Amino acid sequence: MHAPVKIELQPLGTAAAVARGTQLQDVLHRFGVEFPCGGRGDCGGCRVRVLAGSLPITEDQRELFSEQELADGWRLACRHAVEDRLVLEVAQWETTVLVDHGELKFAARPGTAIVVDLGTTTIVAQLLDLQTGQVLALESSRNPQAVHGADLMHRIEYGLSKTGRVELVETVRSEVGAQIQRMLASVSNTDLAIERVLLAGNTAMHHFFCDLDLEPLAHAPFESEQAGFQEIDPADLGWALPGDPRVQFLPSLGGFVGSDILAGILATEMHRSEGIIALADLGTNGELAIGNRDRIVCASTAAGPAFEAGQIQMGMQATTGAIAGVEVAAGELRCRVLGGGEPRGICGSGLVDAVACGLETGLIKSNGRLSRGSISLAGRVEITQQDVRQLQLAKGAVAAGIRILLGRLGAEASTVERFYLAGAFGNYVNPTSARRIGLIDFAAERIEPIGNASLLGTKLALFNEALEGDHFEALRNSVEQIPLGVDEDFQAYFIQETSFPNL
Amino acid sequence: MSDDPREKLKSCLLNLDKNGLLQAVQAVVAEANPEAAQDAVDALAEGLQIVGRRFQEGEWFLGELVYTGELAKEAMGQLSPLLKSSGAESKGTVVIGTVAGDLHDLGKNIFGNYAASAGFEIVDLGVGVAVEDFARAAREHQPVALGMSCLLTVCAGSVGKVIEELSRQGLREALKVIIGGAALTEEFAKDVGADAFAPDAVTGTDIIRAWSCE
Ligand code: B1M
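Below or above, wherever it landed, is the structure these notes cover. What you are looking at is a predicted structure, and each value in this text was computed from that prediction instead of being measured.

Each value, and the rule that gives it
Residues numbered from 1 in each chain as written. Chains lettered and ligands numbered in written order. Predicted model: local features only at pLDDT ≥ 70, side-chain atom pairs only at ≥ 80, totals over all residues. Heavy atoms only, no water. Contact = heavy atoms within 4.5 Å. Buried area = accessible area lost by both parts, 1.4 Å probe. Polar contact = N/O pair within 3.5 Å; in protein donor to acceptor, adjacent residues only side chain to side chain. Helix = DSSP H or I, 4+ residues; strand = E, 2+ residues; numbered from the N terminus. Nonpolar A, V, L, I, M, F, W, Y, C, P; charged D, E, K, R; others polar. Donors = N, O, S within 2.8 Å, 3.2 Å for Na, K, Ca; no water. Expected span 1.5 Å × (residues − 1). Buried < 20%, exposed > 50% of the residue type's maximum accessible area, 1.4 Å probe, protein only. Near = heavy atom within 4 Å.

## Examining the interface of chain A and chain B
And then number 1: The interface of chain A with chain B comprises 20 residues on the first partner and 18 residues on the second.
And then number 2: Overall, the association of chain A and chain B removes approximately 1,600 Å² of surface from exposure, summing both partners, and the carbon and sulfur fraction of that is 64%.
And then number 3: Run the count over chain A and chain B and you get four residue pairs in polar contact (both at pLDDT 80 or more).
And then number 4: Taken together, the elements giving at least two residues each to the side of chain A that touches chain B come down to α5 (152-158), α11 (385-409) and α16 (490-497) of chain A.
And then number 5: Per-element accounting of the side of chain A that touches chain B gives the leading share, four residues, to α11 of chain A.
And then number 6: Partitioned by chemical class, the residues of the side of chain A that touches chain B number nine nonpolar, eight polar and three charged.

## Side note on the coordination of the cobalt atom of the ligand
And then number 1: Looking at the protein side alone, the cobalt atom of the ligand has one donor only, His104 of chain B (NE2), at 2.1 Å.
And then number 2: Here His104 of chain B lies in the loop between β1 (93-98) and α5 (106-117).

## A word on α11 of chain A
All names here are of chain A.
And then number 1: For α11, spanning 25 residues, the distance from its first C-alpha to its last is 36 Å, which sits close to the expected 36 Å at 1.5 Å a residue.
And then number 2: Most of α11 is tucked away: 19 of the 25 residues are buried.
And then number 3: Once α11 ends, the next one or two residues include Gly410, with phi positive near 70°.

## Details of the site of the ligand
And then number 1: For the ligand, the set of nearby residues contains 47 residues, the closest of which are Ser300 of chain A together with Leu103, His104, Ser149 and Ala201 of chain B.
And then number 2: Close to the ligand, residues of chains A and B are found.
And then number 3: Side-chain polar atom of Gln491 of chain A to a nitrogen atom of the ligand: 3.2 Å apart, as the coordinates give it.
And then number 4: Here an oxygen atom of the ligand sits 2.8 Å away from a polar atom, N or O, in the main chain of Thr153 of chain B.
And then number 5: For the shell around the ligand, the secondary-structure elements that each account for two or more residues are α5, β14 (296-302), α11 and α16 of chain A together with α4 (62-85), α5, β3 (145-149) and β4 (176-180) of chain B.

This is the structure we're talking about:
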């Protein structure tokens with residue numbers, strides 16, 4: 001029954017053999033496809049087109065697709081299991097931009113280039129055709145620096161010694177180099193010339209990759225003079241690439257707020273919007289930017305590891321076996337387990353859901369107190385008092401940061417037109433639950449997951465600058481960074497926001 | 001509810017009842033009896049013990065911890081002139097600050113409030129305090145204890161540097177050093193030669209109170 005079946009993904013031509021009955025979501029997830037609504041069938045972000053084989057139409061898909069689209073073979077990947085051999089076209093790999101307002105305008109020119117989102121946890125790279133805007137190859141791997149600490153501060157500390165710095169710099173450079181080699185090896189065209197490699201990431205990753213002095217990032221005010229645009233000779237990186245590309249790292253916005261957020265601003269078009277747009281990338285650091293074409297403010301707020309399920313008793317990554325969603329049905333808690341099997345732990349989005357349900361059912365009071373020792377979710381998975389406390393700290397720091405930024409703009413939460421949630425947690429978290437716990441006080445319909453905004457914006461920077469004069473350096477200078485550590489109101493807001501809303 | 005003013009103070013504190021607490025304090029102040037004032041202070045201390053326990057056991061969180069700390073500090077502010085007039089000694093001065101490079105100040109502030117409500121004079125040097133500034137304050141204020149807070153692991157090195165500097169300037173013997181904050185541990189305190197590590201503000205206050213009774 002579980003005989004493997006072959007599945008092929010276009011346009012990258014990736015192939016895999018998977019056990020019959022495997023959820024398509026689990027397969028695609030491994031190849032870097034994102035599921036913006038967390039696989040609930042709400043958003044259409046995981047659209048695929050069946051080129052060979054078949055996926056039976058489920059009723060709920062009729063709401064999202066027109067008859068014509070269904071006839072053309074469009075389906076939601078998150079709604080299906082693999083039953084037989086399949087060849088699919090992955091929409092995310094086709095379109096260059098996922099933002100809803102407007103298609104990508106770009107000056108088509110011959111050539112290829114590479115964009116990299118250098119994350120603390122994950123590194124994602126894409127090989128792009130500058131003529132068509134298409135993704136020719138894609139790589140995603142875990143940042144191997146993590147052995148020196150999942151936490152950036154631990155890595156920075158390690159990098160303060162000479163040997164530590166050399167090791168961190170080389171680890172990250174060779175990983176990106178290896179990703180590029182794998183992408184080149186996967187395309188059939190052997191005489192590609194790469195024109196440019198453009199990277200974005202937070203300020204620490206920027207400093208590691210560019211091999212800059214880490215000392216300014218090790219203490220207040222966390223401002224480095226070298227956080228600007230950097231260009232590096234590929235020879236210094238130990239890379240031998242066809243076409244002798246320019247390798248460039250986009251500039252940080254200040255403090256820990258990196259070029260990933262600068263790219264995110266480009267991707268959300270905040271800098272052109274009349275209405276106020278907000279962007280949040282929530283990991284151990286919550287990176288925030290809010291504003292419109294007149295003014296943009298940004299900040300980095302320390303959240304701690306709760307959103308990534310760190311320091312959570314049964315916390316785990318969003319992989320098979322993780323409880324990724326919880327809802328109340330007929331007075332009972334019902335859990336959604338990734339991969340559908342036995343629950344092994346809980347990931348960040350599951351934790352937010354579980355706490356939201358706890359608040360709804362009275363199992364958790366608004367000060368975070370559990371009405372009994374712990375809350376059992378499913379199988380042996382439970383959440384403890386301490387887990388809830390960790391989440392309160394994380395959500396308090398983010399909510400307080402958002403309040404400060406809105407205050408600086410003289411804006412109210414209700415006037416924010418759109419709230420984009422970037423990154424892995426932002427992709428999976430249920431907006432209604434995020435609101436229930438008071439993490440983001442915006443109407444659920446205005447909250448929108450945007451996926452990897454950093455990579456998206458880096459592509460825009462690559463394609464757009466010549467065309468629109470949208471130069472990131474000018475944009476960078478217009479964005480104001482607010483240091484929360486010295487803000488008078490932060491502390492009071494933080495304390496208030498560690499509580500849950502009393503509805 | 002009991003009419004005993006001590007019980008009233010305690011229960012108002014634990015019920016987060018600011019008006020009730022301040023009324024009770026006013027009643028004590030109106031009596032102008034230093035002994036009754038001392039009783040009230042003891043009652044507050046007992047209340048804070050319970051706050052500490054509720055926090056450690058997870059029943060209460062930051063909101064309650066901060067609020068009770070502020071309430072107790074305010075009550076103490078009104079009671080202390082009475083205590084002083086009776087010639088009761090202050091428990092001494094405690095210098096506190098967050099170490100160089102680190103701007104986290106919540107834990108330090110909470111500790112400062114608790115220590116103040118236990119009868120200590122607090123000199124708060126603020127955040128990002130340089131090694132030399134800790135030493136200067138130790139010289140100027142002749143504190144019974146010096147407290148350092150640190151939440152960033154990269155800044156933990158400063159804690160040891162301050163202690164070395166105190167020794168170098170011959171100030172170490174005259175005072176006790178207490179440290180706290182998420183980047184530090186009991187073991188770290190031993191390594192750098194601090195006298196105590198406080199996992200939370202209430203325990204920290206208990207520790208310096210015990211020192212002042214030695
Ligand atoms: C002297 O005697 C004593 C006795 C007892 C003492 C004592 C002294 N000091 C403390 N105690 C004890 O009593 C208190 C309770 O009873 C306790 O105090 P604590 O201070 O431990 O606890 C407080 C009451 C509540 N806890 C807190 O206030 C800290 C909560 C978290 C979320 C946190 C916050 C709120 C903030 N942060 Co920061 N922050 C984090 C924290 C993550 C977390 N989940 O814990 C942490 C500490 N931060 C971190 C980081 C990296 C940073 N933060 C930064 C900034 C901030 C904010 C400004 C956003 C804000 C601070 C606001 C302020 N004015 O204090 C930055 C640095 C700023 C700076 N220069 O210091 C920045 C560098 C990141 C950035 N995004 O810019 C991390 C440190 C990691 C590490 N390994 O070093 C962190 C663990 C989060 C994380 N993992 O990312 C006890 O320790």
